[in-house]
Amino acid sequence: MSYRVAVCISGGGSNLQALLDRLQGEAPARVVLVLSNRADAGGLERARQAGVPAEVLSDPADASEWITRLGRRDVDLLVLAGYLKLVPPGVVQKYAGRILNVHPALLPAFGGAGMYGTRVHEAVLASGATESGPTVHLVDEVYDRGAILAQRRVPVLPDDTPDRLAARVLAVEHALLPEVVLAAARAGRPVPVPEEA
Ligand code: GRF
């Protein structure tokens, strides 16, 4: 039986696309629902193109609305892929240990409230760090704080701009996030995916 994944987005959804592309055929997981807090999120169209139900939350702060929508699709795992609002605590409790987020820097550095989008990469460049890369972690009630499951490193280059660094990190996210979801599907729960795996 396939592991049922909901993906939550606020924007373009390129990570959603990577999941839709990878979780097909013999893969042990499927995207069964896409949720967004914004009706104009580009990723909703990607879901529709793939024939996956795409739903807009009428009140993203209302845990019962989330729980109803997730329960209706019998969701095993919730993946935040560019979801920019806090998931209500009632949802985090109900799905404890079954919510993943992808962050575009090496947590615990460059995370926390307000650290999203280009700001993350600006901060990395301003720090003089020589490496960055995506982190996939479990979600708890605090932004970017839950247990880290996987990280991959990319170099920060001397002539980097935030956009160039963002693109280099994003390309790696597109491979890493499906890898972590597939590992969770095989294990029946999210598990660490070290670099050697
Ligand atoms: C990614 O950089 C991800 O790390 C962050 O939000 C961005 C989402 O991009 N959480 P996309 O919508 O998947 O293209």
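Preceding this section is the structure that the text describes.
No experiment lies behind these values; they were computed from the predicted model shown. (Residues numbered from 1 in each chain as written. Predicted model: local features only at pLDDT ≥ 70, side-chain atom pairs only at ≥ 80, totals over all residues. Heavy atoms only, no water.)

Chemist: Mind showing me how you'd approach the nonpolar core here?
Modeler: One broad trend across soluble globular proteins is that nonpolar side chains are buried collectively. Ranked by size, the top nonpolar core spans 35 residues in total, and within it Val5, Val7, Val31, Val79, Leu100 and Val181 carry the most contacts. Sort the elements by how many residues they give to this core and helix α6 (residues 162-187) lands first, with 8 residues. Beyond its immediate chain neighbours, meaning those up to four positions away, Val5 contacts Leu23, Ala29, Arg30, Val31, Val32, Leu33, Leu77, Val79 and Val181. Residues Leu33, Val91, Val92 and Tyr95 belong to the second largest nonpolar core, which totals 19 residues. (Core = buried A, V, L, I, M, F, W, Y, C linked by side-chain atoms within 4.5 Å. Buried < 20%, exposed > 50% of the residue type's maximum accessible area, 1.4 Å probe, protein only. Helix = DSSP H or I, 4+ residues; strand = E, 2+ residues; numbered from the N terminus. Contact = heavy atoms within 4.5 Å.)

Chemist: What am I meant to see in the side chain of Asn15 here?
Modeler: Relative to the helices and strands, Asn15 is located in helix α1 (residues 14-22). Of the polar contacts made by the side chain of Asn15, one reaches the side chain of Glu173; its length is 2.8 Å. Beyond its immediate sequence surroundings of up to four residues, Asn15 is in contact with Ala81, Val102, Leu170, Glu173, His174 and Leu177. (Polar contact = N/O pair within 3.5 Å; in protein donor to acceptor, adjacent residues only side chain to side chain.)

Chemist: Which parts of the structure should I look at to understand the packing of helix α5 (residues 118-127) against α6?
Modeler: Describing two packed helices takes the angle between their axes plus the distance from one axis to the other. It is at 9 Å that the axes of α5 and α6 come closest, and there the two elements cross at 110°. With respect to α6, the element α5 is oriented roughly perpendicular. Residue-level contacts link Thr118, His121, Glu122, Val124 and Leu125 of α5 to Pro162, Asp163, Leu165, Ala166 and Val169 of α6. Here the contact of α5 with α6 is composed, by residue class, of 6 nonpolar, 2 polar and 2 charged. (Axes fitted to C-alpha atoms, helices over the stretch in contact; angles between N-to-C directions. Parallel < 35°, antiparallel > 145°, perpendicular 65-115°, else oblique. Nonpolar A, V, L, I, M, F, W, Y, C, P; charged D, E, K, R; others polar.)

Chemist: I tried to follow the side chain of His103 on my own but got confused; where do I start?
Modeler: Tracing the sequence through the fold places His103 in strand β5 (residues 99-103). The contacts of His103, once residues within four sequence positions are left out, are Phe110, Gly111, Met115, Val120, Gly133, Pro134, Thr135 and Asp144.

Chemist: I tried to follow the environment of Gly82 on my own but got confused; where do I start?
Modeler: By the secondary structure assignment, Gly82 is in the loop between β4 (77-80) and α4 (89-94). Along the primary structure Gly82 and Ile9 are separated by 73 residues, whereas in three dimensions their C-alpha atoms are 5.2 Å apart.

Chemist: Help me out: how do you make sense of the site of the ligand in this one?
Modeler: Taken together, the residues surrounding the ligand are Gly12, Gly13, Ser14, Asn15, Gly82, Val102, His103, Pro104, Leu170 and Glu173. A distance of 2.5 Å separates an oxygen atom of the ligand from a polar side-chain atom of Ser14. Take Pro104: an N or O atom from its main chain is 3.4 Å from an oxygen atom of the ligand. Of all the elements in the fold, those that place two or more residues in the shell around the ligand are α1, β5 and α6. Residues of the shell around the ligand, tallied by class, amount to 3 nonpolar, 6 polar and 1 charged. (Near = heavy atom within 4 Å.)

Chemist: Explain α6 to me, please; I cannot follow it from the model alone.
Modeler: Residue pairs spaced three or four apart in an α-helix point in one direction, given the helix's 3.6 residues per turn. In this model, α6 (26 residues) spans 36 Å end to end at C-alpha, consistent with the 38 Å of a helix rising 1.5 Å per residue. Along α6, the largest kink reaches about 30° and is centred on Glu173. Residues Leu165, Val169, Glu173, Leu176, Leu177, Pro178, Val180, Val181, Leu182, Ala183, Ala184 and Ala185 constitute the buried set of α6. Following α6 by one or two positions, Gly188 adopts a phi angle in the positive range, close to 85°. (Expected span 1.5 Å × (residues − 1). Bend = angle between axes of the 7 residues up to and from the residue.)

Chemist: Is there a simple way to explain the environment of Arg69 in this structure?
Modeler: In this fold, Arg69 is placed in helix α3 (residues 63-72). You can call Arg69 buried: its relative accessible area is 16%. Between the alpha carbons of Arg69 and Ala167 there is a distance of 32 Å; along the sequence they are 98 residues apart. Apart from residues no more than four positions distant in its own chain, Arg69 is found in contact with Leu33, Leu35, Glu55, Val56, Leu57 and Ser58. Looking at Arg69, its side chain comes within polar contact range of the side chain of Glu65, at 2.9 Å.

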